[in-house]
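Residue strings, one per chain:
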Amino acid sequence: MIHYIFLIPLLPLIGFLINGIGWRTIPKNMGGIIGCGAILGSFIVSLGVFFEVNTPGFHTQIIPLFDFIKSGKLNIPFEFQIDALSSLFLLIITGVGFLIHVYSTSYMHHDEGMVKYFSFLNLFVFFMLLLVLGANYLILFIGWEGVGLCSYLLIGFWFKNRDYTNAAKKAFIMNRIGDLGFLVGMLMILYTFGTLSYQDFFKNLHDAPKLPASTYNWIAICLFIGATGKSAQIPLYTWLPDAMAGPTPVSALIHAATMVTAGIYMIARSCALYELAPLVSNIVAAIGLATAIIAATIALKQYDIKKVLAYSTVSQLGFMFLALGIGAYSTAVFHVMTHAFFKALLFLGSGSVIHAMGGEQDLRKMGGLGKKMPITKITFLIGCLAISGIPGFAGFFSKDEILSRAFASNPTSPYLFVMGIGAAMMTSFYMFRLYYLTFTGSFRGTHEQEHHLHESPFAITLPLIILAVLSIVGGYVGLPGVISEHHALESFLSTAITNRSKFHLEESTEWILMTVSTLAAVFMIVYAYTATKKPNFAPTTGLAKMMENKWYVDEIYNAIIVKPLQSISGLLDTWADKKGIDGIVNGVGKTVKWGGDRMRVLQTGQVGFYIFIMVIGMIALFSISFLLVK
Amino acid sequence: MPVTSSNYLILSLLLFSIGIMGTLIRRNAIIIFMCIELMLNAVNLLLVHFSHLNGDVDADSQIFVFFIMVVAAAEVAVGLAIIAMMYRKVHSVDVNILNRLKH
Amino acid sequence: MDFYDILFWILSVMAVGCALGVVLSRNPIHSVIFLILTFFAISGHYLIMNAQFLAIVNIIVYAGAIMVLFLYILMLMNLNADAEPQKGLLVQIAGILSGGTLFLVLLAATKSAHNEEINKVSTNVGLITNLGKLLFTKYVLPFEISSVLFLTAMIGAIVIGKKEPQLKNGEEHIA
């Protein structure tokens, strides 16, 4: 089956081409079938690949496709690398992607550009697959850039609205800033080690004599900058909440399950590098934790469903980076998987709610929707329980693993653990605030909206149900050490990535930690219930106001970065461009014109004058030739 | 003092220079034209002298003179036609007035 | 002094004198007459150099045809000495100076030329047979093309000199 690996990215590419070229002519149902069918095909092949990888004695395979760059000493072939990490990501991308495609057939049914939408979605999946399948950093980068492009296309899908296109531009530009860091990192790798392929690079790191730590630090930090752009960490995270301007399935697929996890994938893949750069690992953990906390504080006070979920995504990504920073690479991947399930579920559920509310996204206008939309309510509840880390659900296992390993990395001063618990508590609070305000209580919207409320069609609820099931059972592949000796996921991934080995905790400590986190989560759920019993939407002041306004980060960026840049551009435009370059070009013309005006005087029109000048010329010529000959 | 080659040279150059002076001094277009013919003849003279100098070998110069005359004839025909037409327009052959080239 | 030399000097003086007459005379008709005399002098030079054909052609073509053409045009314009304008004094001086300078420069340029004694014995080169032979073998192409040249000149002269058709008042003349 592995030899059919090229089908995995090829099918979505074909889907993109068919839908993309014929989007005006292909009927909507056909477009949907083509889109979903392509991803389903990829999913089936990915399953086959996964099972083949899972057989014992499997070694990482490189599948070469064609020569890509071959110039002098530089040789970068186009190859795919099949190992545990890439096959797992393949399953996540194609599986969750397929469910979201099915969801979109119903959600986008009334949109006239639906077939175009499916072509973009297929293109996105194609690039994402390229990203995880690549055997060297260059192919990863191609996929990296490609998903950035598709993100832009899909965020600004309803292009007639100026705000949406601005959000798309913002996402793309912030991604680009990160990409610069990534590119610099890649060039440094190429320069120092002469290769970009994973196997050669990691072998080099392992075998070759140790370079000064600063080399590894610089490469690692540059790659990390790329990850902050793509995975929405501080300082490049402000694009993600604005990206909610796109259709909800887009938010589910791109900004919850797949694209934003590309940064995690990249760092997990480069785990050998980060092990040699402990300073940068600490920075990664610190930024991840800070992002988790700050994003959670903002989410506490948001009134748009999708914005709450967006900040929640940023916060959960922070958790993943925390895990990466402390060296628990497989834990981060575990959380990627479970997060994909429950975050996609939450987004799709919110899409169902928005659909029922006729496009309304403001919490303050909702309430009591659970009566009319039971399936959505139950699946949403499952998602909230999963994200809060309630035992039994998927999120508990992955989140608890992160927290306990955070504790284990520094048992004597467990500030990472404490702050992590704080962020987790805030997570429970804002998620359940969202749940209660939306699905319980009394309806606060308009009369027509109340009439319009209905449960969503099957194509929407089926993915919700499937994802809900996955949000429950998905965590059992990674049982903590106290319950089971065998951590299925970690051993599966161990062929590809290795964690730092100092995560050993005593059994009793681990039980205590689990209990603490569970109790904290439950406490916040109850507190959220009481806080939202009588919803108070008065205008906020002080700290709450700052949280509501996202700590004014966007405004700060605008003042510090955007405005000076624009004024410099304006300056250059006037002085360098208009007066300088245009001046020179126009000046040439003006000089020629001036010269011509002076020369024009010679053309008197009188033949006698012409002959006179001719005679003078002849005299001059003869004298000169005469003198020269002499 | 025997006549040498330089005599003919000086004669031809003199005639040529007189022709040039004539074109520069006179204002009547037709007189200027005639001075041009004078210049051509000066050249013809020199060419014939060279042919005579080189003896039996060089008859090409005389052929060349012949063709100069041919061209001069054609040129005079067309040139005078032009001057006649200008006269019809401006009723003068003063070269200072015939300055339409200026525009 | 040889007979040849005497003839040379007489003809030279005549040529230069008449050339000066062409340039300096006020009446244009007088200029034409002087030019014809100059042509005769030059033809004389041709004869003493035994270029018979060219001498005759010079008289026939130049003095006979071209000068007559000039005379026709002059008669057409009905010019006489009164109407003859003069260029400004400055221009005249400039013209004379530049002409003179040109003469001197050319003279200096050719000063180092080889100064040969002329062969007083007449050569056979200028005879019409020899020239004819050359004209119809080596230079036959220019010879034939010159007929085309004349045709073009004729047509050109006629077209240029054609009287424009009478136009109604207010219409622009046909360019």
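Residues numbered from 1 in each chain as written. Chains lettered and ligands numbered in written order. Predicted model: local features only at pLDDT ≥ 70, side-chain atom pairs only at ≥ 80, totals over all residues. Heavy atoms only, no water.

**Q** Honestly, the overall build of chain B in this entry has me stumped. Any pointers?
**A** Assigned secondary structure in chain B consists of three helices and zero strands. Taken from N to C terminus, the helices and strands of chain B fall in the order α-α-α. Relative to its 103 residues, chain B shows a buried fraction of 69%. Of the contacts made within chain B by residues no fewer than 6 positions apart, 56% connect residues no fewer than 24 positions apart. Of the roughly 3700 Å² of accessible surface on chain B, a fraction of 70% belongs to carbon and sulfur atoms. (Helix = DSSP H or I, 4+ residues; strand = E, 2+ residues; numbered from the N terminus. Buried < 20%, exposed > 50% of the residue type's maximum accessible area, 1.4 Å probe, protein only. Contact = heavy atoms within 4.5 Å. Areas by Shrake-Rupley, 256 points an atom, 1.4 Å probe, with all protein chains shown as cover.)

**Q** Got a minute to help me understand the overall build of chain C in this structure?
**A** For chain C, the count of helices and strands is six helices and zero strands. Listing every helix and strand of chain C by position from the N terminus yields α-α-α-α-α-α. Per-residue burial for chain C yields a buried fraction of 37% across its 175 residues. Excluding contacts between residues fewer than 6 apart, the proportion of contacts in chain C whose partners are at least 24 apart in sequence is 56%.

**Q** Sorry, what's going on with empty space enclosed by the protein here?
**A** Take a probe with the size of a water molecule and roll it over the atoms, and the empty space left behind shows itself. Residues and elements named next belong to chain A. Throughout the structure, instances matching the rule amount to one cavity of 30 Å³ or more. What lines the largest cavity is a set of 14 residues, and nearest its centre among them are Ser388, Lys399, Leu403, Ala424 and Ser517. Taken together, the elements giving at least two residues each to the lining of the largest cavity come down to helix H17 (394-409), helix H18 (415-439) and helix H22 (507-531). (1 Å grid on protein atoms, 1.4 Å probe; cavity = no way out; pocket = protein on both sides within 12 Å on 5 of 7 lines; lining within 4 Å. Points joined across faces, edges and corners; volume = space filled by probe spheres on them.)

**Q** Please clarify how the side chain of Glu37 of chain B should be interpreted in this entry.
**A** By secondary structure assignment, the location of Glu37 of chain B is in helix H2 (residues 29-54). Although buried, Glu37 of chain B forms no salt bridge, and the nearest oppositely charged side chain, Arg26 of chain B, lies 16 Å from it. (Lys, Arg positive; Asp, Glu negative; His and termini not counted. Salt bridge = Lys/Arg side-chain N within 4 Å of Asp/Glu carboxyl O.)

**Q** I would appreciate a short explanation of the interface of chain A and chain C in the present structure.
**A** By a widely used convention, the size of an interface equals the accessible area lost when the partners come together. Each partner contributes residues to the interface: chain A has nine residues there, and chain C has nine residues. At the boundary of chain A with chain C, total buried surface from both sides reaches about 730 Å², with 88% on carbon and sulfur atoms. On the chain A side of the contact with chain C, Ile619, Phe622 and Phe626 of chain A bury the most area, a combined 58% of that side's loss. The tally of links from chain A across to chain C stands at zero salt bridges. Scanning the region where chain A abuts chain C turns up zero residue pairs in polar contact (both at pLDDT 80 or more). Of the residues in the side of chain A that touches chain C, the class split is seven nonpolar, two polar and no charged. (Buried area = accessible area lost by both parts, 1.4 Å probe. Polar contact = N/O pair within 3.5 Å; in protein donor to acceptor, adjacent residues only side chain to side chain. Nonpolar A, V, L, I, M, F, W, Y, C, P; charged D, E, K, R; others polar.)

**Q** Just checking my understanding: could you explain the interface of chain C and chain B for this structure?
**A** Contact with chain C, which involves 84 residues of that partner, is made by 72 residues of chain B. Taking both partners together, chain C and chain B bury about 7200 Å²; carbon and sulfur atoms supply 75% of that area. Joining chain C to chain B, the criterion identifies one salt bridge. Salt-bridge contacts for Asp60 of chain B lead to Lys138 of chain C; the nearest nitrogen and oxygen are separated by 2.8 Å. Broken down by secondary-structure element, the contributors of at least two residues to the side of chain C that touches chain B are helix H1 (3-24), helix H2 (28-48), helix H3 (52-77), helix H4 (89-109), helix H5 (128-137) and helix H6 (140-161) of chain C.

**Q** What is the right way to read the packing of aromatic side chains from this model?
**A** The geometry of an aromatic ring pair comes down to the distance between the two centres and the angle between the two planes. Residue and element names in this part refer to chain A. Inspection of every chain in the model, using the stated rule, returns 38 aromatic pairs over all chains. Measuring from ring centre to ring centre gives 5.5 Å for Phe68 and Phe78, while their planes differ by 80°; the resulting arrangement is edge-to-face. Here Phe78 lies in strand E2 (residues 74-82) and Phe68 lies in strand E1 (residues 61-71), a separation of 10 residues in the sequence. The exposure class of Phe68 is partly exposed, given its relative accessible area of 38%. (Phe/Tyr/Trp six-rings, centres within 6.5 Å; stacked < 30°, edge-to-face > 60°.)

**Q** Is there a simple way to think about a nonpolar patch on the surface in this case?
**A** On the surface, Tyr4, Phe6, Leu10, Ile14, Ile18, Leu65, Phe66 and Phe68 of chain A cluster together to form a nonpolar patch covering roughly 700 Å² of accessible area. Elements with a minimum of two residues in the nonpolar patch: helix H1 (7-21) and E1 of chain A. (Patch = residues over 30% accessible without salt bridge, like charges linked within 9 Å, V, L, I, M, F, W, Y side chains within 5 Å.)

**Q** Sorry, what's going on with the layout of surface pockets here?
**A** All names here are of chain A. Of the pockets and cavities examined, the largest pocket occupies roughly 1100 Å³. The wall of the largest pocket is formed by 36 residues, among which Asp163, Asn166, Ala167, Lys170 and Asp242 lie closest to the centre. At the level of elements, helix H6 (162-193), helix H9 (239-242), helix H14 (305-325), helix H15 (329-356) and helix H24 (553-600) are the ones that each hand at least two residues to the lining of the largest pocket. Here the lining of the largest pocket takes nine residues from H6, the largest share from any one element. Counted by class, the lining of the largest pocket contains 18 nonpolar, 10 polar and eight charged residues.

**Q** I'm lost on helix H3 (residues 60-90) of chain B in this one. Help?
**A** Given 3.6 residues per helical turn, the α-helix brings residues three or four places apart onto the same face. Compared with an ideal rise of 1.5 Å per residue, which puts 31 residues at 45 Å, H3 of chain B spans 44 Å between its outermost C-alpha atoms and is within 8% of the ideal. With its phi angle positive at about 60°, His91 of chain B sits one or two positions after the end of H3 of chain B. (Expected span 1.5 Å × (residues − 1).)

**Q** How should I be thinking about unusual backbone geometry in this particular structure?
**A** With glycine set apart, most residues show a phi of negative sign, and most peptide bonds adopt trans. Residue and element names in this part refer to chain A. The omega angle of the peptide bond from Ile234 to Pro235 is 0°, so this bond is cis rather than trans. Within the secondary structure, Pro235 is located in the loop between helix H8 (213-230) and H9. The backbone phi angle of Ala232 is positive, close to 55°, even though this residue is not glycine. Assignment of secondary structure puts Ala232 in the loop between H8 and H9. By relative accessible area, Ala232 is classed as buried at 0%.

**Q** Which parts of the structure should I look at to understand the pattern of salt bridges?
**A** Oppositely charged side chains can form a pair if their charged atoms are brought close together. A complete count under the given rule lists 11 salt bridges over all chains for this structure. Beyond isolated ion pairs, a larger network of salt bridges with shared partners links Glu145, Arg176 and Asp179 of chain A.

**Q** Help me understand the pairing of E1 of chain A in this model?
**A** The side chains of a regular strand alternate between both faces of the sheet. Residue and element names in this part refer to chain A. Two strands pair when backbone bridges link them, and E1 and E2 are joined in this way by nine bridges, in the antiparallel orientation. Looking at E2, one finds that Ile63 is bridged to Phe80. Linking E1 to E2, which pair antiparallel, is a turn of two residues; within it Gly72 sits at a positive phi near 70°. (Pairing = 2+ DSSP bridges.)

**Q** Would you mind showing me how to read H2 of chain C here?
**A** Residue and element names in this part refer to chain C. With 21 residues, H2 extends 31 Å between its outermost C-alpha atoms, agreeing within 8% with the 30 Å of an ideal straight helix rising 1.5 Å per residue. With a side-chain oxygen lying 3.2 Å from the backbone nitrogen of Ile29, the N-terminal cap of H2 falls on Asn27. Of the residues one or two after H2, Asn50 is the one with positive phi, at around 60°.

**Q** Would you take a moment to explain the packing of H14 of chain A against H17 of chain A for this structure?
**A** If you want to describe how two helices pack, look at the angle between their axes and the distance between the axes. Residue and element names in this part refer to chain A. Here H14 crosses H17 at 45°, and the two axes come no closer than 10 Å. Between H14 and H17, the crossing angle belongs to the class labelled oblique. Our pair here, H14 against H17, has a crossing hand that is left-handed. Packed against H14, whose contacting residues are Gln316, Phe319, Leu322 and Ala323, the element H17 presents Lys399, Ile402 and Leu403 at the interface. (Axes fitted to C-alpha atoms, helices over the stretch in contact; angles between N-to-C directions. Parallel < 35°, antiparallel > 145°, perpendicular 65-115°, else oblique. Left-handed = near helix turned anticlockwise from the far one by under 90°.)

**Q** Quick question: what am I supposed to make of the nonpolar core here?
**A** One broad trend across soluble globular proteins is that nonpolar side chains are buried collectively. Residues Tyr137 and Tyr274 of chain A are the most contacted members of the largest nonpolar core, which totals 198 residues. No other element matches H15 of chain A, which puts 17 residues into this core. Residues in contact with Tyr274 of chain A, not counting those within four places in the same chain, are Ala220, Leu223, Phe224, Ile267, Val280, Ser281, Val284, Tyr329 and Arg500 of chain A. Membership of the second largest hydrophobic core comes to 80 residues, among which are Val615 of chain A, Leu13 and Val95 of chain B together with Phe70 of chain C. (Core = buried A, V, L, I, M, F, W, Y, C linked by side-chain atoms within 4.5 Å.)

**Q** Before we go on, may I ask you to explain the environment of Tyr529 of chain A in this structure?
**A** Within the secondary structure, Tyr529 of chain A is located in helix H22. Classification of Tyr529 of chain A by relative accessible area gives partly exposed; the value is 39%.

**Q** Hey, could you run me through the environment of Thr313 of chain A in this one?
**A** Residues and elements named next belong to chain A. Within the secondary structure, Thr313 sits in helix H14. Separated by 21 residues in the primary sequence, Thr313 and Ala292 have C-alpha atoms spaced 9.1 Å apart. Setting aside anything within four residues of it in sequence, one finds Thr313 in contact with Leu240, His255, Ala256, Val260, His339, Lys343 and Phe347. Polar contacts involving the side chain of Thr313 include one to the side chain of Lys343, which spans 3.2 Å.

**Q** Would you mind going over the confidence of the model for chain C with me for this structure?
**A** Averaged over every residue, the pLDDT of chain C is 83; the share at 70 or more is 86%. The complex model carries a pTM of 0.68, and its ipTM stands at 0.89. (pLDDT = per-residue confidence, 0-100.)

**Q** How do you make sense of the environment of Tyr557 of chain A when you look at a structure like this?
**A** Residue and element names in this part refer to chain A. Tracing the backbone through its elements, the reader meets Tyr557 in helix H24. Separated by 322 residues in the primary sequence, Tyr557 and Pro235 have C-alpha atoms spaced 9.6 Å apart. Non-local contacts of Tyr557, meaning those with residues more than four positions away in its chain, are made with Met174, Pro235, Leu236, Thr238 and Val562. Within the local environment of Tyr557, its side chain forms a polar contact with the backbone oxygen of Pro235, the two atoms lying 2.3 Å apart.

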